[in-house]
Amino acid sequence: MKKALIFGVTGQDGYYLSKLLIKKGYFVHGVRRRNSIVENLRIDEIFFDKTKNCDLHYGDVTDSISTLNLIKKIKPNEIYNLAAQSHVGISFDLPEYTSNVDGIGTLNILEAIKNVNKKIKFYQASTSELFGGVSKIQNEKTPFYPKSPYGVAKLYSYWITKCYRESYKMFCVNGILFNHESKFRGENFITRKVSKAVANIVCNKNTVLEVGNLKSKRDWGHAEDYVEAMWKMLQLKNPVDLVVSTGKSISIKRLIELSFNIVGIKIIWKGKNENEYGIDKKTKRKIVKINKKFFRPNEVDNLKGDNRLSKKIINFRPKKNIQDIMSEMIENDIKLIKN
Ligand code: NAP
Ligand code: G4F
(Lines give C-alpha, C1' and ligand atoms only; values in the text may rest on other atoms or scores of the structure.)
(Ligands and ions follow the chains in the order given, each with its own letter.)
Protein backbone atom coordinates (compact mmCIF):
# COMPACT_ATOMS: atom_id res chain seq x y z
CA MET A 1 0.00 0.00 0.00
CA LYS A 2 1.34 3.43 -0.98
CA LYS A 3 1.83 5.94 1.84
CA ALA A 4 1.20 9.66 1.55
CA LEU A 5 2.18 12.31 4.09
CA ILE A 6 0.23 15.59 4.07
CA PHE A 7 1.52 18.71 5.82
CA GLY A 8 -1.42 21.11 6.24
CA VAL A 9 -3.96 18.29 6.43
CA THR A 10 -6.40 20.27 8.59
CA GLY A 11 -6.95 22.95 5.93
CA GLN A 12 -9.45 23.12 3.08
CA ASP A 13 -7.27 21.27 0.55
CA GLY A 14 -6.07 18.81 3.21
CA TYR A 15 -9.65 17.62 3.64
CA TYR A 16 -10.25 16.99 -0.07
CA LEU A 17 -6.79 15.54 -0.71
CA SER A 18 -7.03 13.05 2.19
CA LYS A 19 -10.42 11.92 0.93
CA LEU A 20 -9.12 11.48 -2.61
CA LEU A 21 -5.97 9.59 -1.61
CA ILE A 22 -7.82 7.20 0.73
CA LYS A 23 -10.25 6.48 -2.12
CA LYS A 24 -7.29 5.75 -4.36
CA GLY A 25 -6.00 3.13 -1.88
CA TYR A 26 -3.30 5.10 -0.07
CA PHE A 27 -2.60 5.05 3.65
CA VAL A 28 -2.73 8.75 4.50
CA HIS A 29 -0.64 10.28 7.28
CA GLY A 30 -1.65 13.82 8.18
CA VAL A 31 0.33 16.37 10.15
CA ARG A 32 -1.64 18.63 12.47
CA ARG A 33 -0.43 21.39 14.74
CA ARG A 34 -1.07 21.40 18.43
CA ASN A 35 -3.81 23.83 19.39
CA SER A 36 -5.84 24.47 22.49
CA ILE A 37 -8.98 22.78 21.22
CA VAL A 38 -8.68 19.14 20.27
CA GLU A 39 -11.23 18.77 17.52
CA ASN A 40 -10.44 19.68 13.90
CA LEU A 41 -13.82 20.21 12.37
CA ARG A 42 -12.84 19.79 8.74
CA ILE A 43 -11.13 16.41 8.96
CA ASP A 44 -12.87 14.74 11.90
CA GLU A 45 -15.12 12.64 9.65
CA ILE A 46 -12.05 11.20 7.91
CA PHE A 47 -9.39 10.81 10.59
CA PHE A 48 -11.58 9.73 13.49
CA ASP A 49 -13.19 6.96 11.43
CA LYS A 50 -11.33 3.84 12.52
CA THR A 51 -12.25 1.99 9.33
CA LYS A 52 -10.25 4.41 7.18
CA ASN A 53 -6.59 4.01 6.27
CA CYS A 54 -5.23 7.13 7.91
CA ASP A 55 -3.43 8.49 10.94
CA LEU A 56 -2.68 11.90 12.46
CA HIS A 57 0.63 13.14 13.88
CA TYR A 58 1.62 16.32 15.65
CA GLY A 59 4.15 18.45 13.79
CA ASP A 60 4.99 21.85 12.43
CA VAL A 61 6.94 22.63 9.26
CA THR A 62 8.98 25.29 11.06
CA ASP A 63 10.33 22.57 13.38
CA SER A 64 12.99 20.89 11.26
CA ILE A 65 13.65 18.14 13.81
CA SER A 66 10.03 16.99 14.05
CA THR A 67 9.71 17.22 10.26
CA LEU A 68 12.77 15.00 9.77
CA ASN A 69 11.61 12.54 12.44
CA LEU A 70 8.15 12.20 10.90
CA ILE A 71 9.52 11.50 7.43
CA LYS A 72 12.03 8.99 8.87
CA LYS A 73 9.29 7.21 10.85
CA ILE A 74 6.57 7.15 8.17
CA LYS A 75 8.74 6.58 5.09
CA PRO A 76 6.08 7.91 2.71
CA ASN A 77 6.09 7.45 -1.06
CA GLU A 78 4.63 10.92 -1.59
CA ILE A 79 4.65 14.14 0.43
CA TYR A 80 2.22 17.01 -0.14
CA ASN A 81 3.19 20.34 1.41
CA LEU A 82 -0.06 22.26 1.87
CA ALA A 83 1.08 23.84 5.14
CA ALA A 84 0.98 27.63 5.09
CA GLN A 85 -0.17 30.85 6.65
CA SER A 86 -2.34 31.10 3.55
CA HIS A 87 -4.09 34.47 4.00
CA VAL A 88 -2.52 37.14 1.77
CA GLY A 89 -3.97 40.11 3.70
CA ILE A 90 -2.83 38.75 7.08
CA SER A 91 0.70 38.16 5.70
CA PHE A 92 1.17 41.96 5.84
CA ASP A 93 0.51 41.81 9.60
CA LEU A 94 2.64 38.68 10.13
CA PRO A 95 5.46 38.98 7.58
CA GLU A 96 8.21 37.18 9.53
CA TYR A 97 5.95 34.36 10.68
CA THR A 98 4.56 33.94 7.16
CA SER A 99 8.08 33.80 5.72
CA ASN A 100 9.12 31.12 8.20
CA VAL A 101 6.13 28.87 7.58
CA ASP A 102 5.59 29.46 3.85
CA GLY A 103 9.28 29.70 2.93
CA ILE A 104 11.61 27.94 5.38
CA GLY A 105 8.96 25.29 6.13
CA THR A 106 9.33 24.02 2.56
CA LEU A 107 13.12 23.94 2.85
CA ASN A 108 12.81 21.86 6.05
CA ILE A 109 10.73 19.22 4.23
CA LEU A 110 13.03 19.14 1.20
CA GLU A 111 16.14 18.74 3.37
CA ALA A 112 14.49 15.91 5.28
CA ILE A 113 13.59 14.14 2.02
CA LYS A 114 17.14 14.59 0.76
CA ASN A 115 18.52 13.01 3.92
CA VAL A 116 15.99 10.20 4.34
CA ASN A 117 15.23 9.03 0.80
CA LYS A 118 15.59 11.08 -2.40
CA LYS A 119 12.99 8.88 -4.10
CA ILE A 120 10.11 10.34 -2.08
CA LYS A 121 7.98 12.44 -4.43
CA PHE A 122 7.21 15.99 -3.29
CA TYR A 123 4.32 18.34 -4.15
CA GLN A 124 4.67 22.04 -3.25
CA ALA A 125 1.50 24.16 -2.98
CA SER A 126 2.62 27.05 -5.13
CA THR A 127 0.28 29.87 -6.01
CA SER A 128 -0.90 32.36 -8.61
CA GLU A 129 0.13 35.05 -6.09
CA LEU A 130 3.63 34.56 -7.55
CA PHE A 131 2.35 36.49 -10.59
CA GLY A 132 0.90 39.31 -8.43
CA GLY A 133 1.78 42.39 -10.49
CA VAL A 134 1.39 40.82 -13.93
CA SER A 135 -2.04 41.72 -15.27
CA LYS A 136 -2.11 39.81 -18.57
CA ILE A 137 -3.13 36.12 -18.56
CA GLN A 138 -0.51 34.08 -16.67
CA ASN A 139 1.15 30.76 -17.51
CA GLU A 140 4.26 28.71 -16.65
CA LYS A 141 6.50 31.08 -18.63
CA THR A 142 5.21 34.34 -17.12
CA PRO A 143 7.84 36.18 -15.04
CA PHE A 144 6.98 36.38 -11.34
CA TYR A 145 6.11 39.59 -9.49
CA PRO A 146 4.82 38.79 -5.98
CA LYS A 147 3.16 41.68 -4.14
CA SER A 148 2.80 40.48 -0.54
CA PRO A 149 4.94 38.83 2.15
CA TYR A 150 2.88 35.69 1.39
CA GLY A 151 3.71 35.85 -2.33
CA VAL A 152 7.40 36.49 -1.64
CA ALA A 153 7.65 33.57 0.82
CA LYS A 154 5.90 31.29 -1.69
CA LEU A 155 8.34 32.47 -4.35
CA TYR A 156 11.23 31.23 -2.18
CA SER A 157 9.44 27.88 -1.88
CA TYR A 158 8.90 27.72 -5.63
CA TRP A 159 12.60 28.22 -6.33
CA ILE A 160 13.91 26.00 -3.55
CA THR A 161 11.66 23.19 -4.83
CA LYS A 162 13.04 23.64 -8.34
CA CYS A 163 16.57 23.93 -6.95
CA TYR A 164 16.34 20.58 -5.11
CA ARG A 165 14.84 18.96 -8.23
CA GLU A 166 17.76 20.11 -10.35
CA SER A 167 20.54 19.73 -7.78
CA TYR A 168 19.67 16.34 -6.29
CA LYS A 169 17.52 14.82 -9.07
CA MET A 170 14.58 14.63 -6.69
CA PHE A 171 10.96 14.37 -7.93
CA CYS A 172 9.70 17.76 -6.71
CA VAL A 173 6.95 19.77 -8.38
CA ASN A 174 5.25 23.14 -7.97
CA GLY A 175 1.51 23.20 -8.59
CA ILE A 176 0.89 26.88 -9.39
CA LEU A 177 -2.72 26.86 -8.28
CA PHE A 178 -5.13 29.74 -8.81
CA ASN A 179 -7.84 30.47 -6.22
CA HIS A 180 -9.94 27.45 -5.32
CA GLU A 181 -12.84 27.35 -2.93
CA SER A 182 -15.39 25.03 -1.33
CA LYS A 183 -17.71 24.77 1.65
CA PHE A 184 -14.54 24.20 3.73
CA ARG A 185 -12.96 27.52 2.74
CA GLY A 186 -11.68 29.54 5.70
CA GLU A 187 -14.21 32.11 6.90
CA ASN A 188 -12.04 35.18 6.22
CA PHE A 189 -11.55 34.59 2.48
CA ILE A 190 -13.82 36.58 0.20
CA THR A 191 -15.93 33.74 -1.25
CA ARG A 192 -16.77 32.40 2.20
CA LYS A 193 -17.48 35.86 3.59
CA VAL A 194 -19.94 36.33 0.74
CA SER A 195 -21.58 32.89 1.07
CA LYS A 196 -22.01 33.39 4.83
CA ALA A 197 -23.53 36.85 4.36
CA VAL A 198 -25.97 35.59 1.70
CA ALA A 199 -26.93 32.66 3.95
CA ASN A 200 -27.49 34.98 6.93
CA ILE A 201 -29.76 37.24 4.89
CA VAL A 202 -31.73 34.25 3.55
CA CYS A 203 -32.20 33.18 7.18
CA ASN A 204 -33.52 36.65 8.06
CA LYS A 205 -30.48 37.73 10.02
CA ASN A 206 -29.75 41.42 9.96
CA THR A 207 -26.37 41.21 8.18
CA VAL A 208 -24.30 43.72 6.24
CA LEU A 209 -21.44 42.24 4.19
CA GLU A 210 -18.33 44.39 4.81
CA VAL A 211 -15.61 44.07 2.21
CA GLY A 212 -12.50 45.81 0.85
CA ASN A 213 -11.48 46.16 -2.78
CA LEU A 214 -14.35 45.38 -5.17
CA LYS A 215 -12.33 45.81 -8.34
CA SER A 216 -9.73 43.01 -8.22
CA LYS A 217 -10.38 39.94 -10.35
CA ARG A 218 -9.76 36.30 -9.54
CA ASP A 219 -9.86 32.98 -11.42
CA TRP A 220 -11.88 30.72 -9.13
CA GLY A 221 -12.16 26.92 -9.26
CA HIS A 222 -13.28 24.16 -6.87
CA ALA A 223 -10.83 22.63 -4.36
CA GLU A 224 -11.99 19.10 -5.17
CA ASP A 225 -10.93 19.49 -8.82
CA TYR A 226 -7.62 21.08 -7.82
CA VAL A 227 -6.45 18.39 -5.34
CA GLU A 228 -6.88 15.83 -8.10
CA ALA A 229 -4.44 17.88 -10.17
CA MET A 230 -1.95 17.73 -7.26
CA TRP A 231 -2.13 13.95 -7.20
CA LYS A 232 -1.87 13.66 -10.98
CA MET A 233 1.27 15.81 -10.96
CA LEU A 234 2.98 13.28 -8.69
CA GLN A 235 2.02 10.38 -10.99
CA LEU A 236 3.87 11.83 -13.99
CA LYS A 237 6.98 10.15 -15.30
CA ASN A 238 9.00 13.37 -15.14
CA PRO A 239 8.50 16.24 -12.69
CA VAL A 240 7.11 19.45 -14.14
CA ASP A 241 5.63 22.67 -12.68
CA LEU A 242 2.09 23.42 -13.84
CA VAL A 243 -0.48 26.20 -13.70
CA VAL A 244 -3.87 24.93 -12.48
CA SER A 245 -6.73 27.35 -13.20
CA THR A 246 -10.07 27.68 -14.99
CA GLY A 247 -8.94 30.36 -17.47
CA LYS A 248 -11.84 32.64 -16.50
CA SER A 249 -11.82 35.54 -14.07
CA ILE A 250 -14.40 37.89 -12.60
CA SER A 251 -14.26 40.83 -10.18
CA ILE A 252 -15.20 40.75 -6.50
CA LYS A 253 -18.14 43.01 -7.33
CA ARG A 254 -19.45 40.51 -9.89
CA LEU A 255 -18.87 37.66 -7.42
CA ILE A 256 -21.09 39.44 -4.89
CA GLU A 257 -23.78 40.16 -7.50
CA LEU A 258 -23.94 36.60 -8.78
CA SER A 259 -23.97 35.16 -5.25
CA PHE A 260 -26.97 37.28 -4.18
CA ASN A 261 -28.64 36.48 -7.50
CA ILE A 262 -28.48 32.76 -6.64
CA VAL A 263 -31.02 33.41 -3.86
CA GLY A 264 -33.08 35.86 -5.93
CA ILE A 265 -31.65 39.11 -4.53
CA LYS A 266 -30.68 41.84 -6.99
CA ILE A 267 -28.13 44.39 -5.80
CA ILE A 268 -28.25 48.04 -6.80
CA TRP A 269 -24.87 49.78 -6.33
CA LYS A 270 -24.73 53.36 -5.04
CA GLY A 271 -21.86 55.74 -4.19
CA LYS A 272 -18.29 55.60 -5.42
CA ASN A 273 -14.95 54.08 -4.39
CA GLU A 274 -14.67 53.82 -0.59
CA ASN A 275 -18.23 55.10 -0.20
CA GLU A 276 -19.75 52.51 -2.52
CA TYR A 277 -22.48 50.30 -1.10
CA GLY A 278 -25.05 47.81 -2.32
CA ILE A 279 -28.76 47.75 -1.55
CA ASP A 280 -31.32 44.99 -2.01
CA LYS A 281 -33.47 46.20 -4.95
CA LYS A 282 -36.64 44.84 -3.34
CA THR A 283 -36.29 45.75 0.34
CA LYS A 284 -34.00 48.79 -0.24
CA ARG A 285 -31.92 47.59 2.72
CA LYS A 286 -28.13 48.19 2.66
CA ILE A 287 -26.55 44.73 2.46
CA VAL A 288 -23.00 45.43 1.21
CA LYS A 289 -20.62 48.15 2.32
CA ILE A 290 -16.94 48.98 2.06
CA ASN A 291 -14.75 48.82 5.15
CA LYS A 292 -11.27 50.27 4.68
CA LYS A 293 -9.75 47.74 7.04
CA PHE A 294 -10.14 45.03 4.38
CA PHE A 295 -7.96 46.84 1.83
CA ARG A 296 -4.40 45.58 1.51
CA PRO A 297 -1.24 47.73 1.40
CA ASN A 298 -0.60 46.29 -2.07
CA GLU A 299 -3.27 44.66 -4.23
CA VAL A 300 -3.06 41.96 -6.88
CA ASP A 301 -5.46 43.31 -9.49
CA ASN A 302 -6.03 40.51 -11.93
CA LEU A 303 -5.33 36.79 -11.78
CA LYS A 304 -6.33 34.68 -14.75
CA GLY A 305 -4.50 31.46 -15.55
CA ASP A 306 -3.74 29.96 -18.93
CA ASN A 307 -4.22 26.24 -18.19
CA ARG A 308 -3.33 24.82 -21.61
CA LEU A 309 -0.27 22.95 -20.33
CA SER A 310 -2.09 21.24 -17.44
CA LYS A 311 -4.91 20.32 -19.83
CA LYS A 312 -2.34 18.68 -22.06
CA ILE A 313 -0.08 17.02 -19.48
CA ILE A 314 -2.48 15.92 -16.72
CA ASN A 315 -5.74 16.22 -18.64
CA PHE A 316 -6.95 18.85 -16.16
CA ARG A 317 -10.64 19.57 -16.71
CA PRO A 318 -12.26 21.72 -13.95
CA LYS A 319 -15.82 20.44 -13.46
CA LYS A 320 -17.31 23.34 -11.48
CA ASN A 321 -17.58 27.04 -12.32
CA ILE A 322 -17.90 29.94 -9.88
CA GLN A 323 -21.71 29.85 -10.04
CA ASP A 324 -21.74 26.16 -9.02
CA ILE A 325 -19.19 26.80 -6.31
CA MET A 326 -21.04 29.73 -4.73
CA SER A 327 -24.34 27.79 -4.88
CA GLU A 328 -22.73 24.89 -2.98
CA MET A 329 -21.16 27.23 -0.42
CA ILE A 330 -24.37 29.21 0.19
CA GLU A 331 -26.41 26.03 0.55
CA ASN A 332 -23.93 24.69 3.08
CA ASP A 333 -23.86 27.94 5.08
CA ILE A 334 -27.67 27.99 5.20
CA LYS A 335 -27.57 24.43 6.54
CA LEU A 336 -25.01 25.43 9.19
CA ILE A 337 -27.19 28.35 10.36
CA LYS A 338 -30.32 26.19 10.52
CA ASN A 339 -28.49 23.51 12.52
P1 NAP B 1 -5.70 26.57 4.57
O2 NAP B 1 -7.12 26.13 4.62
O3 NAP B 1 -5.33 27.87 5.18
O4 NAP B 1 -4.81 25.41 5.23
C5 NAP B 1 -3.47 25.62 5.60
C6 NAP B 1 -3.00 24.42 6.38
O7 NAP B 1 -1.63 24.65 6.79
C8 NAP B 1 -3.79 24.18 7.70
O9 NAP B 1 -3.89 22.80 7.89
C10 NAP B 1 -2.89 24.78 8.75
O11 NAP B 1 -3.06 24.24 10.03
C12 NAP B 1 -1.54 24.36 8.19
N13 NAP B 1 -0.39 25.07 8.77
C14 NAP B 1 -0.25 26.40 8.96
N15 NAP B 1 0.95 26.64 9.51
C16 NAP B 1 1.57 25.46 9.69
C17 NAP B 1 2.82 25.05 10.22
N18 NAP B 1 3.68 25.92 10.71
N19 NAP B 1 3.13 23.72 10.23
C20 NAP B 1 2.25 22.81 9.76
N21 NAP B 1 1.04 23.12 9.25
C22 NAP B 1 0.72 24.44 9.22
O23 NAP B 1 -5.18 26.61 3.06
P24 NAP B 1 -5.76 25.86 1.75
O25 NAP B 1 -6.70 26.79 1.08
O26 NAP B 1 -6.15 24.49 2.10
O27 NAP B 1 -4.45 25.86 0.84
C28 NAP B 1 -3.51 24.79 0.92
C29 NAP B 1 -2.17 25.28 0.42
O30 NAP B 1 -2.29 25.72 -0.93
C31 NAP B 1 -1.58 26.45 1.18
O32 NAP B 1 -0.19 26.28 1.20
C33 NAP B 1 -1.94 27.66 0.34
O34 NAP B 1 -1.01 28.69 0.55
C35 NAP B 1 -1.85 27.08 -1.05
N36 NAP B 1 -2.72 27.68 -2.05
C37 NAP B 1 -4.06 27.80 -1.82
C38 NAP B 1 -4.88 28.31 -2.80
C39 NAP B 1 -6.36 28.47 -2.57
O40 NAP B 1 -6.98 29.22 -3.33
N41 NAP B 1 -6.95 27.76 -1.63
C42 NAP B 1 -4.34 28.69 -4.05
C43 NAP B 1 -2.97 28.54 -4.26
C44 NAP B 1 -2.17 28.01 -3.25
P45 NAP B 1 -4.15 24.85 11.08
O46 NAP B 1 -5.46 24.22 10.68
O47 NAP B 1 -3.62 24.38 12.38
O48 NAP B 1 -4.14 26.33 10.91
O1 G4F C 1 -10.24 35.58 -0.93
P2 G4F C 1 -8.97 36.30 -0.84
O3 G4F C 1 -8.46 36.64 0.52
O4 G4F C 1 -7.90 35.46 -1.67
P5 G4F C 1 -6.48 35.85 -2.30
O6 G4F C 1 -5.90 37.03 -1.67
O7 G4F C 1 -6.66 35.88 -3.78
O8 G4F C 1 -5.60 34.58 -1.87
C9 G4F C 1 -6.08 33.24 -2.02
O10 G4F C 1 -5.73 32.77 -3.31
C11 G4F C 1 -4.31 32.67 -3.55
C12 G4F C 1 -4.15 32.15 -4.98
O13 G4F C 1 -4.32 33.20 -5.88
C14 G4F C 1 -3.72 31.71 -2.54
F15 G4F C 1 -2.38 31.56 -2.78
C16 G4F C 1 -3.94 32.24 -1.14
O17 G4F C 1 -3.44 31.29 -0.20
C18 G4F C 1 -5.44 32.40 -0.91
O19 G4F C 1 -6.04 31.13 -0.91
O20 G4F C 1 -9.05 37.69 -1.64
C21 G4F C 1 -9.42 37.73 -3.00
C22 G4F C 1 -9.61 39.18 -3.41
C23 G4F C 1 -8.44 40.10 -3.07
O24 G4F C 1 -8.21 40.96 -4.15
C25 G4F C 1 -8.93 40.91 -1.88
O26 G4F C 1 -8.37 42.21 -1.76
O27 G4F C 1 -10.72 39.72 -2.71
C28 G4F C 1 -10.40 41.01 -2.23
N29 G4F C 1 -11.26 41.31 -1.08
C30 G4F C 1 -12.16 42.35 -1.03
N31 G4F C 1 -12.73 42.37 0.17
C32 G4F C 1 -11.28 40.67 0.09
C33 G4F C 1 -12.21 41.33 0.89
N34 G4F C 1 -10.58 39.59 0.54
C35 G4F C 1 -10.84 39.15 1.80
N36 G4F C 1 -10.19 38.06 2.26
N37 G4F C 1 -11.76 39.79 2.62
C38 G4F C 1 -12.47 40.88 2.20
O39 G4F C 1 -13.27 41.45 2.94
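Every value quoted in this text rests on a predicted model; they were computed, and no experiment measured them.

(A) Layout of the sheet that holds strand 5 (residues 121-127). Here we have seven strands laid out as an open sheet, ordered 3-2-1-4-5-6-11, and parallel in their pairing. Of all the strands in the sheet, the pair left with one neighbour each is strand 3 (54-58) and strand 11 (242-244). Strand-to-strand twist across the sheet, computed as the mean angle between neighbouring axes with direction ignored, equals 20 degrees. The pairing of strand 6 (residues 172-177) with strand 11 spans three bridges and is classified as parallel. Considered in strand 11, the bridge of Ile-176 is made with Val-243. Sitting on the sheet, helix 3 (residues 64-74) is in contact with strand 1 (3-7), strand 2 (27-32), strand 3 and strand 4 (78-81), with an inclination near 165 degrees to strand 1. Sheet contacts for helix 5 (residues 95-116): strand 1, strand 4, strand 5 and strand 6; angle to strand 5, the most-contacted strand, approximately 165 degrees.

(B) Spatial organisation of the site of ligand 1. Taken together, 24 residues sit near ligand 1, with Thr-10, Arg-33, Asp-60, Ser-86 and Tyr-150 positioned nearest. Gln-12 places a main-chain nitrogen or oxygen 3.0 Å from an oxygen atom of ligand 1. Between an oxygen atom of ligand 1 and a side-chain N or O atom of Arg-33, the distance comes to 2.8 Å. About the coverage of ligand 1: the protein hides 89% of its 910 Å² of free accessible area. For the shell around ligand 1, the secondary-structure elements that each account for two or more residues are helix 1 (12-23), strand 5 and helix 6 (149-168). If you tally residues by element for the shell around ligand 1, the top one is strand 5, at three residues. Its residues assigned to classes, the shell around ligand 1 comprises 10 nonpolar, nine polar and five charged.

Parameters at a glance
Residues numbered from 1 in each chain as written. Chains lettered and ligands numbered in written order. Predicted model: local features only at pLDDT ≥ 70, side-chain atom pairs only at ≥ 80, totals over all residues. Heavy atoms only, no water. Pairing = 2+ DSSP bridges. Helix = DSSP H or I, 4+ residues; strand = E, 2+ residues; numbered from the N terminus. Axes fitted to C-alpha atoms, helices over the stretch in contact; angles between N-to-C directions. Contact = heavy atoms within 4.5 Å. Near = heavy atom within 4 Å. Polar contact = N/O pair within 3.5 Å; in protein donor to acceptor, adjacent residues only side chain to side chain. Areas by Shrake-Rupley, 256 points an atom, 1.4 Å probe, with all protein chains shown as cover. Nonpolar A, V, L, I, M, F, W, Y, C, P; charged D, E, K, R; others polar.

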